[in-house]
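The residues making up each chain are set out below.
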Amino acid sequence: MANPHVLVIPFPVQGHVIPLMELAQCLVEHGFIITFVNTEVTHERVLDALADKGLLDDRIRLVAIPDGLESEEERKIPGKLAEAIYRVMPGKLEELIREINASEEEPITCVIADQGLGWALEVAGKMGIRRAAFLTAAAASLVLGFRIPCLIDDGIIDHDGTPIKKQTLQLAPTMPLMNTSDFVWARVANLALQKIIFGAMVQNNRLVKLADWLICNSTYDLEPGAFDLAPEIKPIGPLLASNRLGNSAGHFWMEDSTCLEWLDKQPPGSVIYVAFGSFATFSKPQFEELALGLELTNRPFLWVLRQDTKDGTNATYVEGLQHKTATQGQIVSWAPQQKVLSHPSIACFLSHCGWNSTVESVSNGVPMLCWPYFADQFFNQSYICDIWKVGLGFKRDASGAIAHGEIKNKVDELLGTMTFKERALHLKERLMNNIGEGGSSHENFTNFVDWMKTQKSS
Ligand SMILES: O=c1ccn([C@@H]2O[C@H](COP(=O)(O)OP(=O)(O)O[C@H]3O[C@H](CO)[C@@H](O)[C@H](O)[C@H]3O)[C@@H](O)[C@H]2O)c(=O)[nH]1
């Protein structure tokens, strides 16, 4: 039998492209051919950042379709990208599939779409191709989405998603504490935008439920309560490049691997790793508080400062900081994060709590300091601090900032006892058992692969 051909399509942001690319690389090891569809802009970035173009298996074909926008300026306007994607990409995706399936190539028999791209699942359904949705965030975030009708019935939010009052919910005992004001749709600039985002989410959740499979980068151990409430979501994580002894791919920036040599020179369990994923940015005063706080800890640190966060003022400050802390710290624009987190010299991870960073940290037994910005990051912080108890959050001052003294104190509190490290190592052990023979993620993944191999287009 010829190799089955699967089309994989991520939402065009970094925290989605990396895990879907990891999934693609796992599928190739099971004999699949992958057509990986990025937007044109993302496609260029991914190719530019691939230091070694031969890194990707040639059974993964990278292709591009337009996102419907003309300029980077437009892409930065909230809601604009999602709206353009929805207007333009379904037609382009359908065209692409038709072209491939009319060619000599093995036809596409399954579409794996990012959970946020319900329309791609709709396109597949319309073309008689079976479909799976992949959730890049915690299962808890989708469980919350599925509960929207109940939240409205229970008077917690209104029909536009606006919280009726500020309150904290916990949908099940092992689920994170969720503050209504942190609901992803409620943290936007204005009511008009909130209505659009909320409506799109409700519509998207309806489409996701039509998928034949709904998989995610998590495990039953991490989120037992969420999987009890939504057993249709099947965890296949933790998805890490190291599990298949490979490299992670799909990065938007080129990794600076020199920091690994620097880490080799640091004592075991000594370094604070600081990274805020691919979106988060700082005000200048907050940036300086963080720099000062790190300096005050007197511990070595590795800090990822993306190029796009170094505006004119910060750039000068970063230069000064680099000079001043040259013996204590290392600053890079983009790190090989998965390798960094598995390095023996890492003591803890100061993170914005994006789900990928969270999974990568707990899979390596690294305790965390939580600095969430938006969306699911607040729920993830609650998992880390309240449920798994492998990290600490920061207190903000009256102006909403996190002061240097607070940063130093929390680092000392986290690293001043072995309790957090011991819990983190214990959690790591349980997580990693999921992907071995007999583990539940392994079993879900195997069933998923078998289903794709035996399926016929309906
Ligand atoms: O120097 C760096 C910094 C990050 N990464 C990688 O980039 C990814 C970042 O993903 P994540 O930690 O999830 O952060 P975001 O990029 O902010 O992710 C978006 O997507 C996530 C998944 O849906 C959400 O949980 C987040 O809230 C959302 O901001 C991870 O795989 C990291 O390993 C690197 O390789 N090098």
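None of these values were measured; they are calculated from a predicted model.

One can find Y383 in helix α15 (residues 377-387). When its relative accessible area of 0% is taken as the criterion, Y383 is described as buried. Residues Y383 and W213 lie 170 residues apart in sequence; the distance between their C-alpha atoms is 25 Å. With sequence-adjacent residues up to four places away left out, Y383 is seen in contact with A138, A140, T174, M175, P176, L222, E223, A226, W355, W388 and K389.

In this section: the domain arrangement of the protein chain. Segmenting the protein chain into domains produces domain 1 (5-247) and domain 2 (258-431). Look at where the C-alpha atoms of domain 1 and domain 2 centre, and you get two points 26 Å apart. When domain 1 packs against domain 2, the two sides together hide about 2400 Å² of surface, and 63% of this comes from carbon and sulfur. The interface formed by domain 1 and domain 2 includes one salt bridge. When the shortest N-O distance is used, the salt bridge between D221 and R430 registers 3.6 Å. At the level of elements, α1 (14-28) and α6 (139-146) are the ones that each hand at least two residues to the side of domain 1 that touches domain 2. Taken together, the residues that form the side of domain 1 that touches domain 2 break down as 18 nonpolar, 11 polar and four charged.

Bringing the pairing of strand β13 (residues 346-351) into the picture now. A large share of β13 lies buried, amounting to six of its six residues. Sheet topology note: the strand β10 (residues 271-275)/β13 ladder contains five bridges and is parallel. Its bridge partner lying in β13, V271 is registered against I346. With three bridges joining them, β13 and strand β14 (residues 368-370) adopt parallel strand pairing. Note on β14: the bridge partner recorded for F349 is M368.

This part is about the sheet that holds strand β12 (residues 329-332). Across the sheet, six strands lie side by side as β12-β11-β10-β13-β14-β15; this open sheet has parallel pairing. Strand pairing shows two members of the sheet lacking a second neighbour, β12 and β15 (391-393), which therefore form its edges. Going across the sheet, the axis of each strand differs from the next one's by a mean of 15°, ignoring polarity. Strand contacts of helix α16 (residues 404-415): β10, β13, β14 and β15, with the helix running at about 160° to β15, the strand carrying the most contacts.

Note on sheets: strands pair through backbone hydrogen bonds, and any given pair is parallel or antiparallel. The strand order across the open sheet built from seven strands is β3-β2-β1-β4-β5-β8-β9, with neighbouring strands paired in parallel fashion. Edge positions in the sheet fall to β3 (60-65) and β9 (233-235), since each of these pairs with one other strand and no more. Averaged over all adjacent pairs, the angle separating strand axes in this sheet is 25°, with direction ignored. The pairing of strand β1 (residues 5-9) with strand β4 (residues 108-114) spans five bridges and is classified as parallel. When the bridges of β4 are listed, V6 appears paired with C110. Against the sheet, helix α18 (residues 440-454) engages β1, β4, β5 (130-135), β8 (213-216) and β9, with an angle of about 140° to β8.

About the cut-offs
- Numbering of residues starts from 1 in every chain and runs along the sequence as written.
- With the structure being a predicted model, the display of local features is reserved for residues of pLDDT at least 70 and the display and counting of side-chain atom pairs for 80 or more, all residues being used for whole-chain, interface and lining totals.
- Side-chain metrics rest on all non-hydrogen atoms present in the structure, leaving aside hydrogens and water.
- Elements are defined by DSSP. Helices are runs of H or I of four residues or more, strands are runs of E of two residues or more, and each kind is numbered from the N terminus.
- Three labels apply to residues, based on accessible area from a 1.4 Å probe with only protein chains included: buried if under 20% of the type maximum, exposed if over 50%, partly exposed otherwise in between.
- Residue contacts are counted whenever heavy atoms from the two residues lie within 4.5 Å of one another.
- A domain assignment, automatic or from a database, supplies the domain bounds used here.
- We define buried area as the total accessible area lost by two parts upon association, computed with a 1.4 Å probe and summed across both.
- For salt bridges, the criterion is a side-chain nitrogen of Lys or Arg within 4 Å of an Asp or Glu carboxyl oxygen.
- We call Asp, Glu, Lys and Arg charged. Ala, Val, Leu, Ile, Met, Phe, Trp, Tyr, Cys and Pro are nonpolar, and the rest, Gly among them, are polar.
- Following DSSP output, two strands are said to pair if at least two bridges run between them.
- Think of each axis as a best-fit line through the C-alpha atoms, taken over the contacting stretch in the case of a helix, with angles from 0 to 180 degrees between the N-to-C directions.

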